[in-house]
Amino acid sequence: MLRSPLSTLAGVCAAASIAGCVPETEGPTLEQAPPATYDGIETRLLDDDLVNFRAQMTGVATRADLDAYTRCAAAQYTLIRGYTFARHVRTSITEEGGVWVADAVYTISPELPRGLQTLEAQVVAADCAEQGIPSV
């Protein structure tokens, strides 16, 4: 029986899509991977109200984990300096070999700053403590 090129192509496409659903077995699974660890934060005062945080995590970490880690550090540092609010300026995140590094900059102030990415330090610090995220 002769098959048309279209029916052969349809069969190949169907087989390829089914094969794409088979999970990969190479590499560790999520359960086998080491848990995320908080490896420390460096804090550098760039100006009276401008602070740089360099945070590092290893294991099963994500960008959101690093963002939370630097946010917690910024909140605690804001309180240490006697201020009430912080505003996120920027964060650069890199990952290499399971080591995640965030380089974040925040402004700190006694008054609510203008901008969308502001945080009330006391509220954020309390939330971080509740979630078990370390800070400065």
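Above this text is the structure in question.
Residues numbered from 1 in each chain as written. Predicted model: local features only at pLDDT ≥ 70, side-chain atom pairs only at ≥ 80, totals over all residues. Heavy atoms only, no water.

K.L.:
In this structure, what is going on with the environment of Tyr69? I would like to understand it.
P.N.:
If you trace the backbone, Tyr69 turns up in helix H2 (residues 63–80). For Tyr69, a relative accessible area of 4% puts it in the buried group. As for Tyr69 and Met57, which are separated by twelve residues in sequence, their C-alpha atoms are 8.9 Å apart. With near-sequence residues (within four places) excluded, Tyr69 lies in contact with Tyr38, Asp39, Gly40, Ile41, Ala55, Gln56, Met57, Ile133 and Pro134. (Helix = DSSP H or I, 4+ residues; strand = E, 2+ residues; numbered from the N terminus. Buried < 20%, exposed > 50% of the residue type's maximum accessible area, 1.4 Å probe, protein only. Contact = heavy atoms within 4.5 Å.)

K.L.:
Looking at this structure, I do not really get the pattern of salt bridges. What am I missing?
P.N.:
If the charged atoms of two oppositely charged side chains come close together, the side chains can form a pair. The full count for this structure, using the stated rule, is one salt bridge. One salt bridge in this structure joins Arg90 and Asp103, with 3.5 Å as the shortest N-O distance. You can see Arg90 sitting in strand S3 (residues 85–96) and its partner Asp103 sitting in strand S4 (residues 99–109), a full 13 residues away along the chain. (Salt bridge = Lys/Arg side-chain N within 4 Å of Asp/Glu carboxyl O.)

K.L.:
Would you take a moment to explain the state of the cysteines for this structure?
P.N.:
Two cysteines, two sulfur atoms, one covalent bond between them: this is a disulfide. According to the stated counting rule, one finds one disulfide in the structure shown. The residue that forms a disulfide with Cys72 is Cys128, at a sulfur-sulfur distance of 1.9 Å. Given an S-S torsion of about -85°, the disulfide between Cys72 and Cys128 has left-handed geometry. Within this pair, whereas Cys72 is found in helix H2, its partner Cys128 is found in helix H3 (residues 121–131), the two being separated by 56 residues in sequence. Taking relative accessible area as the criterion, Cys72 reaches 2% and is therefore assigned buried. (Disulfide = S-S within 2.5 Å.)

K.L.:
What is the right way to read the packing of H2 against H3 from this model?
P.N.:
Packed helices, taken two at a time, are described by the angle their axes make and the gap between the axes. Relative to each other, H2 and H3 sit at 130°, their axes nearing to 8 Å. Classified by the angle between their axes, H2 and H3 sit oblique to one another. In this structure, H2 meets H3 at a crossing whose hand is left-handed. Of the residues in H3, those in contact with Arg71, Cys72, Ala75, Gln76, Thr78 and Leu79 of H2 are Ala121, Gln122, Val124, Ala125 and Cys128. Looking at the contact of H2 with H3 residue by residue, the class counts come to seven nonpolar, three polar and one charged. (Axes fitted to C-alpha atoms, helices over the stretch in contact; angles between N-to-C directions. Parallel < 35°, antiparallel > 145°, perpendicular 65-115°, else oblique. Left-handed = near helix turned anticlockwise from the far one by under 90°. Nonpolar A, V, L, I, M, F, W, Y, C, P; charged D, E, K, R; others polar.)

K.L.:
How should I be thinking about H2 in this particular structure?
P.N.:
Structural remark: α-helix, 3.6 residues per turn; residues separated by three or four positions point the same way. Under the 1.5 Å per step criterion, the end-to-end length of H2 is 26 Å for 18 residues, consistent within 8% with the ideal 26 Å. All buried positions along H2 are accounted for by Leu66, Ala68, Tyr69, Thr70, Cys72, Ala73, Ala74, Ala75, Tyr77 and Thr78. On its buried side, H2 packs onto strand S1 (37–47), strand S2 (50–58), S3, S4, strand S5 (118–120) and H3. Directly after H2, the chain includes Gly82, whose backbone phi takes a positive value near 85°. (Expected span 1.5 Å × (residues − 1).)

K.L.:
Explanation requested: the sheet that holds S2 in the structure shown.
P.N.:
Backbone-to-backbone hydrogen bonds pair the strands of a sheet. The strands run either parallel or antiparallel. The strand order across the open sheet formed by five strands is S1-S2-S4-S3-S5, and the pairing between neighbours is antiparallel. The open sheet has two free edges, formed respectively by S1 and S5, since each of these has just one partner strand. Mean inter-strand twist for the sheet, computed between neighbouring axes without regard to direction, equals 30°. The pairing of S3 with S5 spans three bridges and is antiparallel. Bridged to Ala86 within S5 is Leu119. (Pairing = 2+ DSSP bridges.)

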